[in-house]
Amino acid sequence: KQEVTQIPAALSVPEGENLVLNCSFTDSAIYNLQWFRQDPGKGLTSLLLIQSSQREQTSGRLNASLDKSSGRSTLYIAASQPGDSATYLCAVEAAGNKLTFGGGTRVLVKP
Amino acid sequence: NAGVMQNPRHLVRRRGQEARLRCSPMKGHSHVYWYRQLPEEGLKFMVYLQKENIIDESGMPKERFSAEFPKEGPSILRIQQVVRGDSAAYFCASSPGFGQTFTDTQYFGPGTRLTVL
């Protein structure tokens, strides 16, 4: 059974610092890994999707890496801003199309 | 192209009542997924449907919960005789269903927040 863990559960940084969010999964037989952002009381916004054959994806200040063999992914957010404050979720997709989510990392960027 | 739509956005029910949650997938999408987010917990898969078929319901509670995705109209998640423990955010996602999983990205709706009094 796939299990996804995100560390740390919460993170507080001053504005301008880089953010490093970690995600680990127990079963390396995945099709892809996706990072989402969730604002309080809102839905999910997809940030980056990394196919299993890829090592990383980049979008603006965001960069996500994937090491499938070790079951790890890292999301880097450069030069954090107060608007980056949210909960970040990682999810893996394996056979059967369903996503398995981690518990999330709550990020607070202080001005 | 409108995104995934869910209604209602907020739903309040008393214990023992029925809750019906609706999800309209993105245009052209034939696959629908339901996930539940309990307070202070992560999202958990509930059910995966294609038009008129349940593909995987391994995450659905065995009793009181049912889901359908008819040929016409939205997908419905139905919870009978709700209890306080059903209070959660219910998210729907849809995907095109190209037939190859690695291209079948799921797009999420805004969720329905169910409160059971």
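Computed from a predicted model, the values in this text were never measured in an experiment.

Turning our attention to the packing of aromatic side chains. Taken as a whole, this structure holds seven aromatic pairs over all chains when the rule is applied. Between the aromatic rings of Phe-101 of chain A and Tyr-35 of chain B, the centroid separation amounts to 5.7 Å while the plane-to-plane angle is 85°, which identifies the pairing as edge-to-face. Here the residue Phe-101 of chain A occupies a position in strand 10 (residues 99-101), and Tyr-35 of chain B occupies one in strand 4 (residues 31-37), the pair thus bridging two chains. Since its relative accessible area comes to 0%, Tyr-35 of chain B is described here as buried.

Let us look at unusual backbone geometry. Of note, the amide linkage connecting Ile-7 of chain A to Pro-8 of chain A takes the cis form, showing an omega dihedral of 0°. Within the fold, Pro-8 of chain A resides in the loop between strand 1 (4-7) and strand 2 (10-14). Along the chain, Asn-7 of chain B connects to Pro-8 of chain B via a cis peptide bond; the corresponding omega equals -5°. Examined against the element boundaries, Pro-8 of chain B turns out to sit in the loop between strand 1 (5-7) and strand 2 (10-13). The residue Ala-79 of chain A is not glycine, and still its phi comes out positive at about 45°. Locating Ala-79 of chain A in the fold gives a position in the loop between strand 8 (72-77) and strand 9 (86-93).

In this section: the layout of surface pockets. Of the volumes computed, that of the largest pocket is approximately 530 Å³. Around the largest pocket sit 22 residues that line it, and Gln-38 and Thr-87 of chain A together with Gln-37, Glu-40 and Glu-41 of chain B are the ones nearest its centre. Those elements that provide at least two residues to the lining of the largest pocket are strand 9 and strand 11 (105-110) of chain A together with strand 9 (88-95) of chain B. Looking at which element gives the most residues to the lining of the largest pocket, the answer is strand 9 of chain A, with three residues. Among the residues forming the lining of the largest pocket, the class breakdown is eight nonpolar, eight polar and six charged. Each pocket or cavity is described by its volume, and for the second largest pocket that value is around 440 Å³. The wall of the second largest pocket is formed by 22 residues, among which Lys-1, Gln-2, Thr-100 and Phe-101 of chain A together with Lys-44 of chain B lie closest to the centre. Looking at the lining of the second largest pocket, the elements that each hand over two or more residues are strand 1, strand 9 and strand 10 of chain A together with strand 5 (43-50) of chain B. Partitioned by chemical class, the residues of the lining of the second largest pocket number eight nonpolar, eight polar and six charged.

Conventions adopted
- Residues numbered from 1 in each chain as written.
- Chains lettered and ligands numbered in written order.
- Predicted model: local features only at pLDDT ≥ 70, side-chain atom pairs only at ≥ 80, totals over all residues.
- Heavy atoms only, no water.
- Phe/Tyr/Trp six-rings, centres within 6.5 Å; stacked < 30°, edge-to-face > 60°.
- Helix = DSSP H or I, 4+ residues; strand = E, 2+ residues; numbered from the N terminus.
- Buried < 20%, exposed > 50% of the residue type's maximum accessible area, 1.4 Å probe, protein only.
- 1 Å grid on protein atoms, 1.4 Å probe; cavity = no way out; pocket = protein on both sides within 12 Å on 5 of 7 lines; lining within 4 Å.
- Points joined across faces, edges and corners; volume = space filled by probe spheres on them.
- Nonpolar A, V, L, I, M, F, W, Y, C, P; charged D, E, K, R; others polar.

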